[in-house]
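# Working through the structure, step by step
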Amino acid sequence: MEIIIKPTVAEAQQETAKILRRQIQSKPDSVLGLATGSTPIAVYAELVAMHQRGELDFSRVATFNLDEYVGLPADHPCSYREFMREHLFSKVNIPPQNIHFPDGRATDVPTHCAEYETAIVRAGGIDLQLLGIGREGHIGFNEPSSSLASRTRIKTLTPQTIKDNAKCFGSPDKVPHHVITMGVGTIMDTRQCLLLATGEAKAEAVARMAEGPITADLPASILQMHPVCKLVVDEAAAAQLKRSEYYRWVYDNKPDWQRV
Ligand code: F6R
């Protein structure tokens, strides 16, 4: 895992956006896996700015989002589809037919989940998967105890995640308890993972993910087994990493051609 520690939240967000820009510029028909949540909002704003400056063309990009709430219609203000429309899709030129989400209103959930997996394969697989991390170490909504081989399926959120996601809903009792999420195995099949974590609240999960044992108790720890995984953190999220000096040394010694 390549661990990139940036002094500020803004610099961590910019580095993440630059890695995405490089991906799209080097492969204009990239298949991107996308995440929602508060962490990537500024990354999407940066991508929109790059697009407006003429640096990024999304016309051949395809996207698959990680997850969606069960029971919410697509146009619900707190659905993840609506989140993505607001922060990215309404502002760049991704063709609507290239945008994919789990359907929170699917009537036959197992069949729908299997179809989502098939759609990813048909698109050629995900080139780069953007991720965030939950305080308890989830990726997507693969909460602690998720199978490390899991595929897209329905999951029950933990009370902590419900609390963390309550903002849009106004109160935790309004947050759906279930989501459809890509599985840990689905995420591990992507060609590259890019996880952005910022702020003190993520420091423990980040340290356990990067330096702790691989365990279903902290699903993100499986990323230690991903062949191409970048972790971008600000100082606050890096605070509990034991080998942070080494990670900085690696970054400072990176050859120019590997920089974004
Ligand atoms: C969202 C997702 C989640 C979030 C995580 C962090 O699509 O898959 O894993 O990335 O819960 O959320 P924030 O960024 O709100 O702290």
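Residues numbered from 1 in each chain as written. Predicted model: local features only at pLDDT ≥ 70, side-chain atom pairs only at ≥ 80, totals over all residues. Heavy atoms only, no water.

### Let's talk about the site of the ligand
Residues in close proximity to the ligand total 13 residues, the closest being Thr39, Asp67, His138, Gly140 and Lys202. Contact distances for the ligand include 2.7 Å between an oxygen atom and a side-chain N or O atom of aspartate 67. For the ligand, an oxygen atom lies 2.6 Å from a polar atom in the side chain of lysine 202. Bound to the protein, the ligand loses 90% of the 410 Å² it would expose on its own. Its residues placed into classes, the shell around the ligand shows 4 nonpolar, 7 polar and 2 charged. (Near = heavy atom within 4 Å. Polar contact = N/O pair within 3.5 Å; in protein donor to acceptor, adjacent residues only side chain to side chain. Areas by Shrake-Rupley, 256 points an atom, 1.4 Å probe, with all protein chains shown as cover. Nonpolar A, V, L, I, M, F, W, Y, C, P; charged D, E, K, R; others polar.)

### Quick word on the pattern of salt bridges
On inspection of all chains with the given rule, the structure shows 17 salt bridges. Measuring nitrogen to oxygen at the nearest pair gives 3.7 Å for the salt bridge that ties lysine 6 to glutamate 15. Of the two residues, lysine 6 and glutamate 15, both sit in the buried class. In this structure, the salt-bridge partner of arginine 151 is aspartate 189, at a minimum N-O distance of 2.8 Å. Separated by 38 residues along the polypeptide, arginine 151 in the loop between strand E6 (128-131) and strand E7 (153-156) and aspartate 189 in the loop between helix H6 (184-188) and strand E9 (193-197) bring together distant segments of the chain. For arginine 151, a relative accessible area of 34% puts it in the partly exposed group. In this structure, a network of salt bridges that share partners links the residues Lys27, Asp29, Arg60, Asp127 and Arg191. (Salt bridge = Lys/Arg side-chain N within 4 Å of Asp/Glu carboxyl O. Buried < 20%, exposed > 50% of the residue type's maximum accessible area, 1.4 Å probe, protein only. Helix = DSSP H or I, 4+ residues; strand = E, 2+ residues; numbered from the N terminus.)

### Overview of the state of the cysteines
Applying the stated criterion across every chain, the model contains 1 disulfide. Free cysteine cysteine 113: the closest other cysteine sulfur is in cysteine 193, separated by 19 Å. No disulfide involves cysteine 229; its sulfur sits 5.1 Å from that of cysteine 193, the nearest cysteine. With relative accessibility at 6%, the residue cysteine 229 sits in the buried group. (Disulfide = S-S within 2.5 Å.)

### Regarding helix H3 (residues 80-89)
Of all the 10 residues making up H3, 7 are buried; the element is thus mostly covered by neighbouring parts of the structure. Inspection of H3 places Tyr80, Glu82, Phe83, Met84, His87, Leu88 and Phe89 among the buried residues, and these make up the whole buried set. Where the residues of H3 are buried, they touch strand E2 (31-34), helix H2 (41-52), strand E3 (62-65), strand E4 (67-69) and strand E5 (99-100). (Contact = heavy atoms within 4.5 Å.)

### Thoughts on helix H4 (residues 109-122)
Its 14 residues place the ends of H4 20 Å apart at the C-alpha level, agreeing with the 20 Å of an ideal helix rising 1.5 Å per residue. Looking only at H4, the buried set comprises Val109, His112, Cys113, Tyr116, Glu117 and Ile120. All buried residues of H4 project into a common sector of 145° when viewed along the axis, lining one side. Opposite the buried face of H4, by more than 90 degrees, sit the exposed residues Pro110, Val121 and Arg122. (Expected span 1.5 Å × (residues − 1). Arc of directions from axis to C-beta.)

### Here's the deal with the sheet that holds E7
Read across the open sheet, the 3 strands follow the order E4-E8-E7; overall the sheet is antiparallel. Single-partner strands in this sheet number two, and they are E4 and E7. Adjacent strand axes in the sheet meet at a mean angle of 30° when their direction is disregarded. (Pairing = 2+ DSSP bridges. Axes fitted to C-alpha atoms, helices over the stretch in contact; angles between N-to-C directions.)

### Digging into a nonpolar patch on the surface
Residues Tyr246, Trp249 and Val250 make up a contiguous nonpolar surface patch of about 360 Å² in total accessible area. The exposure class of tryptophan 249 is exposed, given its relative accessible area of 56%. (Patch = residues over 30% accessible without salt bridge, like charges linked within 9 Å, V, L, I, M, F, W, Y side chains within 5 Å.)

### With respect to the sheet that holds E9
Across the sheet, 7 strands lie side by side as E1-E10-E9-E6-E2-E3-E5; this open sheet has parallel pairing. The strands lining the two open edges of the sheet, one partner per strand, are strand E1 (2-6) and E5. Pairing between E3 and E5: 2 bridges, direction parallel. Bridge assignment links threonine 63 to a residue of E5, and that residue is isoleucine 99. Each of E1, E2, E6, E9 and strand E10 (229-234) touches helix H1 (residues 9-26); the most contacted strand, E10, lies at about 155° to it.

### Side note on the pairing of E9
Most of E9 is tucked away: 5 of the 5 residues are buried. Side chains of E9 alternate between two faces, with Cys193, Leu195 and Ala197 and Leu194 and Leu196 buried alike. Strand direction decides the pairing type here: E6 and E9, joined by 3 bridges, are parallel. Note that in E9 the partner of leucine 131 across the bridge is leucine 195. Across 5 bridges, E9 lies against E10 in parallel orientation.

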